[in-house]
Number of protein chains: 2
Amino acid sequence: MTASPSPTLARHDLIARFTEIVGPTGILTDAADTAPFCTDWRDLYHGRALAVLRPADTEALSRIVRLCAEHDVPMVPQGGNTSMVGGATPDGTGREVVICLSRMNRIRNIDPHDLTMEVEAGVTLKAAQEAAWEAGFMLPLSISSEGSAQIGGVLATNAGGNNTLRYGNARELVLGLEAVMPDGGVFHGLRRLRKDNTGYALRQLLVGSEGTLGFITTAIMQLSPQPREIVAALCAVEDADAALKLLGLLRGRDPALVQAFEFMSGTGMDLVTSLIPATSLPLEERAPAYVLVELATPRPDAELREYAEGVLGDALEAGIITDAVIAESEGQRAGLWKLREEHAEAQRRAGASVKNDVSVPVSHVPELIKRATAACTALIPGIRPAPFGHMGDGNIHFNLVQPEGMAPEAFLARSHDIMDTVAAIVKELDGSFSAEHGVGQLKPYMMPAWRGGAELAAMRHIKAALDPRNLMNPGKVLPPATQDA
Amino acid sequence: MTASPSPTLARHDLIARFTEIVGPTGILTDAADTAPFCTDWRDLYHGRALAVLRPADTEALSRIVRLCAEHDVPMVPQGGNTSMVGGATPDGTGREVVICLSRMNRIRNIDPHDLTMEVEAGVTLKAAQEAAWEAGFMLPLSISSEGSAQIGGVLATNAGGNNTLRYGNARELVLGLEAVMPDGGVFHGLRRLRKDNTGYALRQLLVGSEGTLGFITTAIMQLSPQPREIVAALCAVEDADAALKLLGLLRGRDPALVQAFEFMSGTGMDLVTSLIPATSLPLEERAPAYVLVELATPRPDAELREYAEGVLGDALEAGIITDAVIAESEGQRAGLWKLREEHAEAQRRAGASVKNDVSVPVSHVPELIKRATAACTALIPGIRPAPFGHMGDGNIHFNLVQPEGMAPEAFLARSHDIMDTVAAIVKELDGSFSAEHGVGQLKPYMMPAWRGGAELAAMRHIKAALDPRNLMNPGKVLPPATQDA
């Protein structure tokens, strides 16, 4: 390895100091060892690292950060390495250290009265979910990477997922935080308070800052009781307008029951049932679009199935939906979810595709789908728009599959045209270019146009104030100042 | 008036420039006119103002702020002037301008699909609630000052209230914000997105910053469907431990139904029923403590009353509660709430009292009550601890009424001893010295001991970065740097 030495300390001296802090098992320096930490899981970004450091506790992390601050060593926090936007991958200079908190992986406490769980950054989301469940509660945050994603990264990126419409994003589920700030100071905010108006919202600021303002080391997460009844139904609808009406009907009766509301296009469903083995449409006829609704309640004797039959019956009668099937068993419920979850894989099998993780106000989802479908079809005749996702919170994965017979390379060569086309419509609809995945190193260039002016200026001021040497995950979230309008 | 002139512009020139922006009806300069804006409603703080400015729109506000920034004029945002901590009162120098957004009082939009309301800063909370209700929805934020408190102040102070345990604090109810930053730049964040991971949480940071980081001018608030059934019950319990068990039972069955969970001491209830006309205990026997439970749901046919009878019956059988009465009518429900709401007035009539707006983790409420009761009784024999409040979110108003027969002045002379005694216990229980009321100018001195170290340092860095000349509501929230440990 030929990494540039730190400006103030020779590389081997730095390594020695790091080793002193984390011990020989807490540091990797050989290129072969550090390589897996220097590439994102989608294989889009390839960096190098001076070292990969794995501190065992907050105290060790704080010492590392102080050392890095002293010697101008940039730091890249990494959790489960599941970023969709290269948010945890170092740059190519070899000057950066990757810092992983995977050794901080204890679930410290679950409190049944406070409905809280104290969990360290290195615990996977799945392990946290399971521990909560075993204690009789539910951690209501679920994303597809939950088996690998770690709490630190989940919070740093304000993860969303299927249940945001009911329980909120990660930010809303965090009651307390401990974090190591860019100067190595420890923010002791592991409070379990539902009300605390004593100064600025540092906790909320750190959540979603993608490791650019500090390291989240431990969190107090808010739990929910386990649902005692869950009912899933697949509904056929004419279009997204009808889906919106269905959402209004369900939320008007009781939003607390609506745990998921997932839109799927007819095109996307066709791809799933034709390309994924052991899937089939459990409705008599193909429809232009579908909604997977999941209702849940911890209330005993809530008679949720009868409730679902009633509300879906009303929707059918009102012409909002054209058909529906309610899962009769856990197996059938899993089958309905499989139709939703296999969308990405089916699209992959159908050829090249372009993905857009966008959100708009819920009321604008139908317009987004209509306009973006028309615009993309005009751009590339035969293109197969297959939008799907979390309609209940306005987050649509507006994915587009290549025309049949087109060369994948030729289609992918138009990726940016397609993305720009969708983005322009999302912007007109007051939406977001990154609903769930964050900014990372993939999308900072979009910030000036979308979040420019006083907003980006304030973000830059905050970044410069908390991390004046720009050592925390540099190059992520904020674009170089030269890109500002 | 003999206010010092601005350092760079004579007073009369500044006034002329302000008048040019807001028009003659938008500015007050005579001491008699500005006086009501220079004193808080509790008559604890008395300041002076160079002028009171009432801009008609964001554009005018932005121009004012630019002018103030240019000429080093400190600005004090003021809404309904209902702060409990002097947060909206100018200092005594006469250099500060008070800026009121009461002319910005339009409810711009209510969207039934997004369940959102776009509302300007000068609208009173009550007017916003009523508009939401008339449109068929509910703005689930309620505080006792709602008739005067304006949305701008409600958000700037992250108001809480009775329903936080169900719907969250003000911060959780804000989906979008427009704000004028300390340099006069406008943060255009009036988005209605449930998912948006594009940079730092500026919205959350501005909410609760008590006007020290900018002016909130307009907000998108999240609405809920109206409840179709509401059931209130008054339960008698042996102590706060039993109340905690009751809360666990209710939340274990369905937290979405629990809209309020208010604790009252036997002492406090005795004061109410003996000192407030037209009140009486609707239970057969006096109890050591009480809980007012309110359940609500928008779900039709939820049979909430039967549900309440069932769960309270179980609680009775399990010995968690000793008695309970369920309101049979709206009138009876109002009667139960009157018992809770008259606590402050009854305490006032009983003599001098000392108030503590504190919070602890919900699980620690019983310990707080036990320890603080014992400690205060040891301090002043005969003192009457009458803790009450939002136990469901850990927020207890730990108020103490003077011993019978003691001279009020003698009791109040011990105020700080009493507050320090309660605070020490709250601190040991990882609580907050200001659950709802904020810091204002009353409590900045407590920040170093309670939120010191890296936390206060980060707050100072953010303040200095966004408001480098310290012109936004100076002297509020953050103590002078000399007070840091």
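- An unreviewed UniProt entry lists chain A under the name FAD-binding oxidoreductase, with Komagataeibacter melaceti given as the organism.
- UniProt's Sequence similarities (unreviewed entry) comment on chain A is quoted here verbatim: "Belongs to the FAD-binding oxidoreductase/transferase type 4 family."

Some points on the overall build of chain A
Line of reasoning, step 1. Looking only at helices and strands, chain A features 18 helices and 21 strands.
Line of reasoning, step 2. C-alpha atoms of chain A, sized along the principal axes, occupy 75 × 55 × 45 Å.
Line of reasoning, step 3. Here chain A holds 485 residues, and the buried ones make up 61% of them.
Line of reasoning, step 4. Within chain A, counting contacts between residues at least 6 apart in sequence, those at least 24 apart form 73% of the total.
Line of reasoning, step 5. Of the accessible surface of chain A, which amounts to about 17,300 Å², a share of 51% is contributed by carbon and sulfur atoms.
Line of reasoning, step 6. Here chain A carries 43 positive and 59 negative side-chain charges, and the mean point of each set is 5 Å from the other.

Examining a negative patch on the surface
Line of reasoning, step 1. There is a patch of like negative charges on the surface, built from A:Asp301, A:Glu303, A:Glu306, B:Asp301, B:Glu303 and B:Glu306.
Line of reasoning, step 2. One can find B:Glu306 in helix H10 (residues 304-317).
Line of reasoning, step 3. Look at B:Glu306 and you get partly exposed, because its relative accessible area is 48%.

What to know about the UniProt feature "domain: FAD-binding PCMH-type" (unreviewed entry) in chain A
Line of reasoning, step 1. As annotated in UniProt, the feature "domain: FAD-binding PCMH-type" (unreviewed entry) corresponds to residues 45-226 of chain A in the numbering used here.
Line of reasoning, step 2. Taken end to end, residues 45-226 of chain A is 23% helix and 24% strand, and its two terminal C-alpha atoms sit 39 Å from one another.

Observations regarding the relation of the copies chain B and chain A
Line of reasoning, step 1. By a simple turn and slide, chain B fits onto chain A: the slide is 0.0 Å along the axis, the RMSD is 0.0 Å, and the turn is 180 degrees. When the rotation and shift are considered jointly, the pair of chain copies conforms to a two-fold rotation axis.
Line of reasoning, step 2. An overlap of 100% is found between the interface residues of chain B and their copies at the interface of chain A, pointing to a shared contact surface.

Describing the side chain of B:Asp111
Line of reasoning, step 1. As for its position among the elements, B:Asp111 is in strand E5 (residues 107-111).
Line of reasoning, step 2. The class for B:Asp111 is buried, based on a relative accessible area of 12%.
Line of reasoning, step 3. With residues near it in sequence (within four places) discarded, B:Asp111 still touches A:Ser363, B:Thr116 and B:Arg192.

Remarks on the domain arrangement of chain A
Line of reasoning, step 1. Each assigned domain of chain A is listed here: domain 1 (11-100), domain 2 (107-225), domain 3 (229-344), domain 4 (351-428) and domain 5 (444-483).
Line of reasoning, step 2. Between domain 1 of chain A and domain 4 of chain A, the C-alpha centre-to-centre distance is 36 Å.

Let's talk about the nonpolar core
Line of reasoning, step 1. Membership of the largest hydrophobic core comes to 200 residues, with the highest contact counts inside it found for A:Leu155, A:Leu246, B:Leu155 and B:Leu246.
Line of reasoning, step 2. Ignoring sequence-local partners within four residues, the contact set of A:Leu155 consists of A:Ala170, A:Val174, A:Leu177, A:Val207, A:Gly208, A:Ile216, A:Ala219 and A:Met221.

A few points about helix H3 (residues 58-70) of chain B
Line of reasoning, step 1. Its 13 residues give H3(B) an end-to-end C-alpha distance of 18 Å, which sits within 8% of 18 Å, the value for a rise of 1.5 Å per residue.
Line of reasoning, step 2. Of the residues making up H3(B), those classed as buried are B:Thr58, B:Ala60, B:Leu61, B:Ser62, B:Ile64, B:Val65, B:Leu67, B:Cys68 and B:Ala69.

Considerations on the pattern of salt bridges
Line of reasoning, step 1. This model, assessed by the stated rule, comprises 53 salt bridges over all chains.
Line of reasoning, step 2. Of the charged contacts in the structure, one is a salt bridge between B:Asp196 and A:Arg451, with a shortest N-O distance of 3.3 Å. Residue B:Asp196 is found in the loop between strand E9 (186-189) and helix H7 (202-206), and its partner A:Arg451 is found in helix H17 (residues 447-451); the two belong to separate chains.
Line of reasoning, step 3. You can call A:Arg451 buried: its relative accessible area is 2%.
Line of reasoning, step 4. One salt bridge in this structure joins B:Arg348 and B:Glu345, with 2.8 Å as the shortest N-O distance. One end of the pair, B:Arg348, and the other, B:Glu345, are both in helix H12 (residues 343-349), three residues apart, so they sit about a helical turn from each other.
Line of reasoning, step 5. Ionic contacts of the salt-bridge type, sharing partners, join the residues A:Arg106, A:Arg108, A:Glu118 and A:Glu120 into one network.

Overview of the sheet that holds strand E5 (residues 107-111) of chain A
Residues and elements named next belong to chain A.
Line of reasoning, step 1. Taking strand neighbours across the sheet as the criterion, the five strands line up as E5-E6-E10-E8-E9 in an open arrangement whose pairing is antiparallel. Where the open sheet ends on each side, the last strands, each with one partner, are E5 and strand E9 (186-189). Each strand of the sheet is rotated relative to its neighbour by a mean of 15 degrees, with strand direction disregarded.
Line of reasoning, step 2. Strand direction decides the pairing type here: strand E6 (residues 116-120) and strand E10 (residues 215-222), joined by five bridges, are antiparallel. If you follow Val119 over to E10, its bridge partner there is Ala219.
Line of reasoning, step 3. Along the sheet, helix H3 (residues 58-70) makes contact with strand E8 (174-180), E9 and E10, crossing E8 at roughly 50 degrees.
Line of reasoning, step 4. In this fold helix H4 (residues 125-134) packs onto E5 and E6, with an angle of close to 40 degrees to the strand it touches most, E5.

Digging into the packing of helix H18 (residues 454-466) of chain A against helix H17 (residues 454-466) of chain B
Line of reasoning, step 1. In the contact formed by H18(A) and H17(B), the axes pass within 8 Å of each other and the chain directions differ by 135 degrees. Between H18(A) and H17(B), the interaxial angle falls into the category oblique. Considering the relative orientation of H18(A) and H17(B), their crossing is right-handed. Residues A:Ala458, A:His461, A:Ile462, A:Ala465 and A:Leu466 of H18(A) form the contact with H17(B), whose participating residues are B:Ala458, B:His461, B:Ile462, B:Ala465 and B:Leu466.

Concerning the pairing of strand E4 (residues 97-100) of chain A
All names here are of chain A.
Line of reasoning, step 1. Taking every second residue as pointing to the same face, both faces of E4 are buried, with Val97 and Ile99 on one and Val98 and Cys100 on the other.
Line of reasoning, step 2. Bridge analysis of strand E2 (residues 51-53) against E4 gives three bridges, and the strand direction is parallel. The residue bridging Val52 from the neighbouring strand is Val98, located in E4.
Line of reasoning, step 3. Bridging between strand E3 (residues 75-78) and E4 involves four bridges; their strand directions are parallel. Bridge pairing in E4 places Pro77 opposite Ile99.

Section: the sheet that holds strand E16 (residues 353-354) of chain B
Residues and elements named next belong to chain B.
Line of reasoning, step 1. In space, the three strands of this open sheet follow the order E16-E21-E18, with antiparallel pairing throughout. What marks the edges here is a single partner per strand, and that holds for E16 and strand E18 (384-385).
Line of reasoning, step 2. As judged from the two bridges shared by E18 and strand E21 (residues 400-401), these two strands associate in the antiparallel manner. The partner of Pro385 across the bridge, within E21, is Leu400.

A closer look at helix H14 (residues 365-379) of chain A
Residues and elements named next belong to chain A.
Line of reasoning, step 1. Its 15 residues place the ends of H14 21 Å apart at the C-alpha level, agreeing with the 21 Å of an ideal helix rising 1.5 Å per residue.
Line of reasoning, step 2. For H14, the complete set of buried residues consists of Val365, Pro366, Leu368, Ile369, Ala372 and Cys376. One side of H14 carries all its buried residues, which in axial view fall inside an arc of 160 degrees. Summarising the geometry of H14, the exposed residues directed more than 90 degrees from the buried face are Lys370 and Ala378.
Line of reasoning, step 3. For H14, the elements touching its buried residues are helix H9 (240-253), strand E13 (258-265), strand E17 (357-359), strand E20 (395-397), strand E21 (400-401) and helix H16 (415-428).

A few points about the environment of B:Ala464
Residue and element names in this part refer to chain B.
Line of reasoning, step 1. Secondary-structure assignment places Ala464 in helix H17.
Line of reasoning, step 2. Judged by its relative accessible area of 45%, Ala464 is partly exposed.
Line of reasoning, step 3. Sequence separation between Ala464 and Arg166 is 298 residues; the distance between their C-alpha atoms is 35 Å.

As for the environment of B:Glu294
Residues and elements named next belong to chain B.
Line of reasoning, step 1. Along the polypeptide, Glu294 turns up in strand E14 (residues 289-297).
Line of reasoning, step 2. Spatially, the C-alpha atoms of Glu294 and His188 are 38 Å apart, while their sequence positions differ by 106 residues.
Line of reasoning, step 3. Ignoring anything within four residues of it in the chain, the contact list for Glu294 reads Ile230, Val231, Ala232, Leu257, Val258, Gln259, Ala260, Arg333 and Trp337.
Line of reasoning, step 4. A polar atom in the side chain of Glu294 sits 2.7 Å from the side chain of Arg333.

The rules behind each value
Residues numbered from 1 in each chain as written. Chains lettered and ligands numbered in written order. Predicted model: local features only at pLDDT ≥ 70, side-chain atom pairs only at ≥ 80, totals over all residues. Heavy atoms only, no water. UniProt positions renumbered as here; feature names shortened; annotations may be inferred. Helix = DSSP H or I, 4+ residues; strand = E, 2+ residues; numbered from the N terminus. Buried < 20%, exposed > 50% of the residue type's maximum accessible area, 1.4 Å probe, protein only. Contact = heavy atoms within 4.5 Å. Areas by Shrake-Rupley, 256 points an atom, 1.4 Å probe, with all protein chains shown as cover. Lys, Arg positive; Asp, Glu negative; His and termini not counted. Charge placed at Lys NZ, Arg CZ, Asp CG, Glu CD. Patch = residues over 30% accessible without salt bridge, like charges linked within 9 Å, V, L, I, M, F, W, Y side chains within 5 Å. Salt bridge = Lys/Arg side-chain N within 4 Å of Asp/Glu carboxyl O. Least-squares fit on C-alpha atoms with pLDDT ≥ 70 in both. Domains from an automatic or database assignment. Core = buried A, V, L, I, M, F, W, Y, C linked by side-chain atoms within 4.5 Å. Expected span 1.5 Å × (residues − 1). Pairing = 2+ DSSP bridges. Axes fitted to C-alpha atoms, helices over the stretch in contact; angles between N-to-C directions. Parallel < 35°, antiparallel > 145°, perpendicular 65-115°, else oblique. Left-handed = near helix turned anticlockwise from the far one by under 90°. Arc of directions from axis to C-beta. Polar contact = N/O pair within 3.5 Å; in protein donor to acceptor, adjacent residues only side chain to side chain.

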